Amino acid sequence: MEDLGPVAWPPEPIRTERLVLRAPETQDRAAFIELLASPEVHLYLGGPRPRDELEREMSGAPERWPGSFVVDLDGAMIGQILLRRTPGHHRPAAAGKADLGYLFLPRVWGFGYAAEACAAALGWLADQLPGEPVVLTTQTANFGSMRLAAKLGFTEVERFEAWGAEQWLGMWSCSEG
């Protein structure tokens with residue numbers, strides 16, 4: 001994955017009705033470790049990482065890179081939005097396009113935070129890179145992610161087998177979102 005190119009980073013925090021999307025900070029370390037070690041979060045993503053390994057690797061502040069937003073609710077991290085370019089994507093339809101990823105702590109699932117945060121991140125990207133198409137890949141078995149993709153306006157490009165499961169590739173453009 002590569003960064004998004006000519007975008008100013010970090011941007012001013014993006015505020016929604018309930019959330020703030022911002023760059024990672026030192027205080028987010030514990031939440032990042034919880035997110036990356038969660039079996040529920042990584043059920044469709046190849047499994048969680050060992051907590052002790054994460055503790056060793058992330059000794060200080062979480063890494064800051066363009067396209068990585070912390071999703072903040074009332075001053076605490078509840079998730080992460082990832083926008084990265086996919087130059088060598090294994091699917092030709094996605095190669096070179098911006099790719100949307102998201103991870104949220106299980107305790108905040110079902111409240112609409114993912115839809116609110118992803119919509120804000122897509123809006124930000126549309127302002128920064130007008131007309132930029134965005135792809136999203138998820139397992140078809142991940143019903144929550146499939147619902148979110150539809151709610152955000154992603155349309156199916158293809159389905160394919162990878163990592164032992166059926167995958168769904170959708171595309172979004174600012175004219176659709």
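Everything that follows concerns the structure shown earlier in this document.
Just so it is clear, the structure is predicted and the values come from calculations on it, not from any experiment.

Rules and cut-offs
- Residues numbered from 1 in each chain as written.
- Predicted model: local features only at pLDDT ≥ 70, side-chain atom pairs only at ≥ 80, totals over all residues.
- Heavy atoms only, no water.
- Pairing = 2+ DSSP bridges.
- Helix = DSSP H or I, 4+ residues; strand = E, 2+ residues; numbered from the N terminus.
- Phe/Tyr/Trp six-rings, centres within 6.5 Å; stacked < 30°, edge-to-face > 60°.
- Buried < 20%, exposed > 50% of the residue type's maximum accessible area, 1.4 Å probe, protein only.
- Arc of directions from axis to C-beta.
- Contact = heavy atoms within 4.5 Å.
- Axes fitted to C-alpha atoms, helices over the stretch in contact; angles between N-to-C directions.
- Parallel < 35°, antiparallel > 145°, perpendicular 65-115°, else oblique.
- Left-handed = near helix turned anticlockwise from the far one by under 90°.
- Nonpolar A, V, L, I, M, F, W, Y, C, P; charged D, E, K, R; others polar.

1. What about the pairing of strand β7 (residues 155–162)?
- Here 7 bridges tie β7 to strand β8 (residues 165–172), and the two strands are oriented antiparallel to one another. Its bridge partner lying in β8, Glu-158 is registered against Leu-169.
- Between the end of β7 and the start of β8, which pair antiparallel, lie 2 residues, with Trp-163 showing a positive phi angle near 55°.

2. Some words on the packing of aromatic side chains
- All chains considered together, the criterion is met by 4 aromatic pairs.
- Geometrically, the ring pair formed by Trp-9 and Phe-69 is edge-to-face, given 4.9 Å between the ring centres and 70° between the ring planes. With Trp-9 in the segment before β1 (14–15) and Phe-69 in strand β3 (residues 68–73), this pair connects stretches of sequence that are 60 residues apart.
- Summarising the aromatic geometry, the rings of Phe-69 and Trp-124 are spaced 5.2 Å apart at their centres and angled 85° between planes, so their arrangement reads as edge-to-face. Of this pair, Phe-69 sits in strand β3 while Trp-124 sits in helix α3 (residues 113–128); the two residues are 55 residues apart in sequence, bridging distant segments of the chain. For the pair formed by Phe-69 and Trp-124, the shared burial category is buried.
- Feature note: the residues Trp-9, Phe-69 and Trp-124 constitute an aromatic cluster, connected by ring pairs.

3. Here we look at helix α4 (residues 143–152)
- When we look at burial in α4, the residues that qualify are Ser-145, Met-146, Leu-148, Ala-149 and Leu-152. The arc enclosing the buried residues of α4, seen along the axis, measures out at 160°, which places them on a common side. Among the exposed residues of α4, those pointing more than 90 degrees away from its buried face are Phe-143, Arg-147, Ala-150 and Lys-151.
- On its buried face, α4 sits against β5 (97–104), α3, β6 (134–139), β7 and β8.
- Count one or two residues on from α4 and you reach Gly-153, which has phi positive near 95°.

4. Describing the packing of α3 against α4
- Close contact between α3 and α4 brings their axes to 10 Å; oriented N to C, the two are set at 45°. Taken together, the axes of α3 and α4 lie oblique to each other. Seen from above, α3 lies across α4 with right-handed handedness. The segment α3 lies against α4, with Ala-114, Ala-115, Cys-118, Ala-119 and Leu-122 engaging Leu-148, Lys-151 and Leu-152.
- For the contact of α3 with α4, the class distribution of residues is 7 nonpolar, no polar and 1 charged.

5. A word on the environment of Ala-23
- Checked against the element boundaries, Ala-23 lands in the loop between β2 (20–22) and α1 (29–37).
- Remark: the alpha-carbon pair of Ala-23 and Ala-149, spanning 126 residues in sequence, is separated by 24 Å.
- Excluding residues within four positions of it along the chain, Ala-23 makes contact with Pro-10, Asp-28, Arg-64, Ser-68 and Val-70.

6. Focus: the sheet that holds β7
- Strand order across the open sheet formed by 8 strands is β1-β2-β3-β4-β5-β6-β8-β7, with mixed pairing between neighbours. Either end of the sheet is taken by a strand with one partner, and the two such strands are β1 and β7.
- In terms of strand pairing, β5 meets β6 through 2 bridges, oriented parallel. Its bridge partner lying in β6, Ala-98 is registered against Val-134.
- Packed on one face of the sheet, α4 meets β5, β6, β7 and β8 and runs near 155° to β6.

Geometric values such as these leave the question of function open.
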